[in-house]
Every structure is written in structure tokens, then in C-alpha cells.
Amino acid sequence: MAQPPTPPAQVAHVLTEALPYIRRFHGKTVVVKYGGNAMVDETLKQSFARDVVLMKLVGINPVVVHGGGPQIGRLLARIGKETEFVQGMRVTDAETMDVVEMVLGGLVNKEIVSLISGHGGRAVGLTGKDGGLIRARRLRLTRPGPAEQAPEIIDIGHVGEVESVDPALVDMLDGGDFIPVIAPIGVGDDGVSYNINADLVAGRLAETLHAEKLILMTNTPGILNAAGELLTGLDAERVQALIADGTIHGGMLPKVRCALEAVAGGVTAATIIDGRVEHAVLLELFTDSGVGTLIHGSR
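Residues numbered from 1 in each chain as written. Predicted model: local features only at pLDDT ≥ 70, side-chain atom pairs only at ≥ 80, totals over all residues. Heavy atoms only, no water.

## Side note on the overall build of the protein chain
Then, number 1: Looking only at helices and strands, one finds nine helices and 15 strands in the protein chain.
Then, number 2: In summary, the protein chain has a C-alpha radius of gyration of 20 Å against a globular reference of 19 Å for 299 residues, a match within 12%.
Then, number 3: With respect to the three principal axes, the spread of C-alpha positions in the protein chain is 70 × 45 × 40 Å.
Then, number 4: Each of the 299 residues in the protein chain was classed as buried or not, and the buried ones make up 48%.
Then, number 5: The long-range fraction of contacts in the protein chain, counting pairs at least 24 apart against all pairs at least 6 apart in sequence, stands at 74%.
Then, number 6: Accessible surface computed for the protein chain: about 14,300 Å², of which carbon and sulfur atoms make up 55%.
Then, number 7: Looking at the protein chain, you have 26 positive and 35 negative side-chain charges, and the mean spots of the two groups are 3 Å apart. (Helix = DSSP H or I, 4+ residues; strand = E, 2+ residues; numbered from the N terminus. Rg over C-alpha atoms; globule rule 2.2 N^0.38 Å. Buried < 20%, exposed > 50% of the residue type's maximum accessible area, 1.4 Å probe, protein only. Contact = heavy atoms within 4.5 Å. Areas by Shrake-Rupley, 256 points an atom, 1.4 Å probe, with all protein chains shown as cover. Lys, Arg positive; Asp, Glu negative; His and termini not counted. Charge placed at Lys NZ, Arg CZ, Asp CG, Glu CD.)

Structure representation (C-alpha cells):
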């Protein structure tokens, strides 16, 4: 059933509300971590691609960093490879890393490029290995050992953390009116490939590119208080208090810490948004109310 046309006055209101934000973000870089439901629901995939294309058309430089954990898990299951997790991290041997590179750098990355290109954008797919973009080092987890002994170091294979970012390739693509789409795979000094958490890659990229904004897409509305109300406009001190009293916990903790590190590193603001909402990126960027939890630096 066809939707009734939007009244012209409402259209005009939306456009005029967006105008100051378009002016503010014009020429600035916005890094978007793309994941969750927005990557699997067809309607949400299309709305995300349109959002990114519109950002570029109004003079913003979007940089997309994507995950792909569920897709990796499905392919591993299909080939009969069992997955083990330690402290939430996938143990990644050489065979599993081959699958990670195939899924993240190939299937998922190229699908996102195709989606954006299908809506008129000039997207270019990369991994952090291209052009020396992301230099990685092996991530080593620890767990407490017996009393009076050093913590046990756990090696989980080809899982890394960002050591450094060289923005030259992304800067070149931005200057050429391209939209970078980046898979979170880096390379170490030893030439070994490493799978890196996409939130961490997005945060470090935002810092290095001096981004105006970091957007982390999730499957939740944002940070909620005990009454289930959305919290926003938070500074680092308020966020630390919410962590201390248990309001922020579980899977939200890594995203919040990523946002805090980004704003501490010079990013003007970071927002955790609900990727289950159509056009969530545009709503966050171009409306007064925004969508999700905004975390800003000291003022």
C-alpha cells in the first residue's frame, strides 16, 4: 500500500532543520562503524547506503569501517570449523584467518561497495593492509594466575590491535570524491595479517583523520538509565560515573571506551546509535534531536 505524500510544509521544515548541520559538517570527516542489524536487514542496508551517498553529495567525507562477525561464524560452521571464544574474542588460527580475510575483505566489503555504488556513490573497498593503512600488533590477553604469580598470557592467534594508522590512502580517496569502505584487517611488522575489532579501528581512524564525528552503529538505542530512558550529551566524567555505578555494563562497555578514547584523541564527538532505525545516520547528523547517545569532549 502506497504511503501518503509528505505535506510540503513538513518537507520544508526537515530541510531547513538540516541546513545548519550540513553547513557545520561540510568539508569535515565522519567515520561510521557499520554493523549489527543494519548489515543484514535489506531495508536497513539500502537506507544506510543512501545515507552515505547523501553525506558525500553535501560535502561531508564519510569513511565506513565494517565488521562481519556473524558472517565469519556462518562460513566457519559451513566448512565444519569450530569456533572458540576467549574473553569475547574469537581464537583465530591461520585457517580461520583465511576465512576472516575472505569474508571481511571479500564478501562483506564488496557487498557494501556495491550497495553504495548502486545509489550513485563512488565507493572503494579496502582492508587495513592496503597502502599500509593499518599497522597491527598481536593482541595478548591475560588472566589472573595463582596467588603471588604473574598473570597468565593467552595467545588467541591472529587477533590484533591497532599499532598505527597511515591516513595517506584515505586522504587521497577523500580528495578524489571516493568513499572508503574499510575492513578491519591489519598487518604486523612480521607480515602477518591480524583481525581487529571494528569499533577500535573506527575509533583510531577517527583520531588519525581528525574526524569531526565518530558514529558507532549498534543494535540498541544507546546508553539507557535504570528507567530505560536514553542518555545523551555525556562528557567523560559523566560516562565514568555511569560505568562505576553499573549503568554502563556488558557489551556496551567496549563501545563506550572506544568513544571515550576517540574524543580524548581529538574527535569532536562520538555517538552510539541504533542501527535498527531506518536512516539512523542522517537522523543523527542532520536533526536537532539526533538519535542515540552523544559523547563529547571537555568543553
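Now that the structure has been shown, we can carry on.
## Overview of the packing of helix 3 (residues 69-78) against helix 4 (residues 94-118)
Then, number 1: At a closest axis distance of 10 Å, the pairing of helix 3 and helix 4 adopts a crossing angle of 125 degrees. The angle between helix 3 and helix 4 places the two elements in the oblique class. Between helix 3 and helix 4 lies a crossing whose hand is right-handed. Residue-level contacts link Gln71, Ile72, Leu75 and Leu76 of helix 3 to Thr96, Val99, Val100, Met102, Val103, Leu104 and Val108 of helix 4. (Axes fitted to C-alpha atoms, helices over the stretch in contact; angles between N-to-C directions. Parallel < 35°, antiparallel > 145°, perpendicular 65-115°, else oblique. Left-handed = near helix turned anticlockwise from the far one by under 90°.)

## Some thoughts on the nonpolar core
Then, number 1: Ile116, Met217, Val281 and Phe286 are the most contacted members of the largest nonpolar core, which totals 44 residues.
Then, number 2: Of all elements in the fold, only helix 1 (8-25), strand 1 (29-34), helix 2 (42-57), helix 3, helix 4, strand 8 (179-183), strand 11 (213-218) and helix 9 (280-286) reach the threshold of two or more residues within this core.
Then, number 3: Looking at this core, the element that brings in the most residues is helix 4, giving 10 residues.
Then, number 4: With residues near it in sequence (within four places) discarded, Phe286 still touches Glu17, Ala18, Tyr21, Ile22, Phe25, Val58 and Ile60. (Core = buried A, V, L, I, M, F, W, Y, C linked by side-chain atoms within 4.5 Å.)

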